[in-house]
Amino acid sequence: CLPEPCGGWLSESSSSDESCESLYRVVLLGDPGVGKTSLVNLFAGVQEKDSLEQQREDTYERTLSVDGEETTLVVIDTWEAEKRSSEEDNWLHNYCMQVGNAYVIVYSITDRGSFESASELRIQLRRTRQAENIPIILVGNKTDLVRSREVSVEEGRACAVVFDCKFIETSAALQHNVTELFEGVVRQIRLRQDSKEA
Ligand code: GDP
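Criteria and thresholds
Residues numbered from 1 in each chain as written. Predicted model: local features only at pLDDT ≥ 70, side-chain atom pairs only at ≥ 80, totals over all residues. Heavy atoms only, no water. Helix = DSSP H or I, 4+ residues; strand = E, 2+ residues; numbered from the N terminus. Contact = heavy atoms within 4.5 Å. Areas by Shrake-Rupley, 256 points an atom, 1.4 Å probe, with all protein chains shown as cover. Buried < 20%, exposed > 50% of the residue type's maximum accessible area, 1.4 Å probe, protein only. Pairing = 2+ DSSP bridges. Phe/Tyr/Trp six-rings, centres within 6.5 Å; stacked < 30°, edge-to-face > 60°. Near = heavy atom within 4 Å. Polar contact = N/O pair within 3.5 Å; in protein donor to acceptor, adjacent residues only side chain to side chain. Nonpolar A, V, L, I, M, F, W, Y, C, P; charged D, E, K, R; others polar. Patch = residues over 30% accessible without salt bridge, like charges linked within 9 Å, V, L, I, M, F, W, Y side chains within 5 Å. Salt bridge = Lys/Arg side-chain N within 4 Å of Asp/Glu carboxyl O. Lys, Arg positive; Asp, Glu negative; His and termini not counted. Charge placed at Lys NZ, Arg CZ, Asp CG, Glu CD. Expected span 1.5 Å × (residues − 1). Core = buried A, V, L, I, M, F, W, Y, C linked by side-chain atoms within 4.5 Å.

A.B. asks: An account of the overall build of the chain is requested, with residue identities and associated values reported.
C.D. replies: Tallying secondary structure elements over the chain gives seven helices and six strands in all. Starting at the N terminus and ending at the C terminus, the chain contains elements arranged as α-β-α-α-β-β-α-β-α-β-α-β-α. Within the chain, residue pairs in contact and separated by at least 24 positions form 71% of the contacts whose partners lie at least 6 positions apart. Here the chain displays about 11000 Å² of accessible surface, and carbon together with sulfur accounts for 45% of that area.

Spelled out as C-alpha cells, the structure:
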C-alpha cells in the first residue's frame, strides 16, 4: 500500500487491508473554470441533470478495469470552491498537496493564464512532495474550442517534458480522451508501484 492511509477523503471508516491494495487518491488541481468538475463528473458518470439537482460532491469513487485488473480511484475535486475563507483555502490547499497518490493538473487550452498556473502548481507539488516520485498528469482541456485556442499542443507537450509528467488533451464537452485520462492515471500509479516493488 502507498504511504498514505487509503480511506476515503474525510471518511470516518477506514478501508480494509484488502481493498487498500488498489485504492488510490487522485487530486485534481487547476484554476477555476478549466473544467475539473466536468472531467470528474464524466469519470463518475454523473449526468448534468444530477449535478444540478444534487449538492456538489467533492470526492468521487469508481473502480476501473484497466488492462484486465481492477483499481479504485477516489478523485478529489476540492481545490477551489466559493464561500470559503482564505484560512480554509490554505488548509485545503495544503491538505490536497499532501494526500494525493497521483495528481491531475488541468488547464484550459483557451486560457494561457491557466497554463501558467499549471506550471506554478507543478513547482509547488515538487516542493511539497520532494522525495516522492508521484504520478502527475498535465491536462489541456476544452480542445473543442478550436478557434479560441491560446496554448498549442506542442507547448503543452514541451511543458510536460520539462516538468517530467504525462500529458493529454481532453474535451469534457465532447467526452474526448476522458476515459483515456483516468486509465492513464491508473497505469502511471501501477508503474511506480511495480518499480517500488522491484
Ligand atoms: P472547474 O471550475 O475547473 O471545476 O470547471 P467546470 O467543470 O465547472 O467548468 C467550467 C465551465 O467550463 C463550465 O461552464 C463547463 O461547462 C465548461 N467546460 C468544461 N469543460 C469543457 C470543455 O471541454 N469544453 C467546453 N467548451 N466547455 C467546457
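A.B. asks: Which residues make up the pairing of strand β4 (residues 102-108), and what are the values?
C.D. replies: The buried fraction of β4 is high, at seven of seven residues. The alternating pattern of β4 places Ala102, Val104, Val106 and Ser108 on one face and Tyr103, Ile105 and Tyr107 on the opposite face, and all of these are buried. Of the pairings in the sheet, the one linking β4 to strand β5 (residues 136-141) comprises six bridges and is parallel in character. Note on β5: the bridge partner recorded for serine 108 is asparagine 141.

A.B. asks: Provide a residue-level description of the packing of aromatic side chains, including the pertinent values.
C.D. replies: Per the counting criterion, the structure on display carries three aromatic pairs. Arranged with centres 4.4 Å apart and planes meeting at 35°, the rings of phenylalanine 43 and phenylalanine 182 form a pair that is tilted. Here phenylalanine 43, found in helix α2 (residues 36-44), pairs with phenylalanine 182, found in helix α7 (residues 178-197); they are 139 residues apart in sequence, far enough to count as distant. Here phenylalanine 182 falls in the buried class, since its relative accessible area comes to 2%. Ring centres of tryptophan 91 and tyrosine 95 lie 5.2 Å apart, and the angle between their planes is 20°; on these two criteria the pair is classed as stacked. Placement of both tryptophan 91 and tyrosine 95 in helix α4 (residues 86-99) is noted, with a separation of four residues, approximately one turn of the helix.

A.B. asks: Now, about the site of the ligand: what can you tell me, with residues and values included?
C.D. replies: If you check the shell around the ligand, you find 16 residues, and the closest are Gly33, Thr37, Ser38, Asp144 and Ala172. One of the side-chain N or O atoms of aspartate 144 is found 2.7 Å from a nitrogen atom in the ligand. One nitrogen or oxygen atom from the main chain of alanine 172 is found 2.8 Å from an oxygen atom belonging to the ligand. Burial of the ligand by the protein amounts to 68% of the accessible area it has alone, namely 580 Å². Sort the elements by how many residues they give to the shell around the ligand and α2 lands first, with three residues. For the shell around the ligand, the per-class residue count stands at five nonpolar, six polar and five charged.

A.B. asks: If you had to explain a negative patch on the surface to someone new, which residues and values would you point to?
C.D. replies: Negative charge collects at one region of the surface, where Asp111, Glu116, Glu120 and Glu150 lie side by side. Tracing the sequence through the fold places glutamate 116 in helix α5 (residues 112-128).

A.B. asks: Could you give me a rundown of the environment of methionine 97, with the residues and numbers involved?
C.D. replies: Mapped onto the fold, methionine 97 is located in helix α4. For the pair methionine 97 and arginine 127, spaced 30 residues apart in the sequence, the C-alpha separation amounts to 9.8 Å. Not counting residues within four places of it along the chain, the set of residues in contact with methionine 97 comprises Leu29, Trp79, Tyr103, Leu121, Gln124, Leu125, Thr128 and Arg129.

A.B. asks: If you had to explain α5 to someone new, which residues and values would you point to?
C.D. replies: Compared with an ideal rise of 1.5 Å per residue, which puts 17 residues at 24 Å, α5 spans 25 Å between its outermost C-alpha atoms and is within 8% of the ideal. For α5, the elements touching its buried residues are β1 (23-30), α4, β4, β5 and α6 (153-162).

A.B. asks: I'd like to hear about the nonpolar core, residue by residue, with values.
C.D. replies: General note: in soluble globular proteins, nonpolar side chains tend to be found buried as a group. Core analysis: the biggest nonpolar cluster contains 25 residues, and Leu73 and Val185 have the highest contact counts within it. At the level of secondary structure, the elements contributing two or more residues to this core comprise β1, α2, β2 (59-66), β3 (69-76), β4, β5 and α7. Tallying contributions element by element places α7 first for this core, with six residues. Once residues within four sequence positions are removed from consideration, leucine 73 is found in contact with Tyr24, Val26, Phe43, Tyr60, Glu61, Arg62, Leu64, Phe182, Val185, Val186 and Ile189. Grouped together as the second largest cluster of nonpolar side chains are 23 residues, Trp79, Tyr107, Leu121 and Phe163 included.

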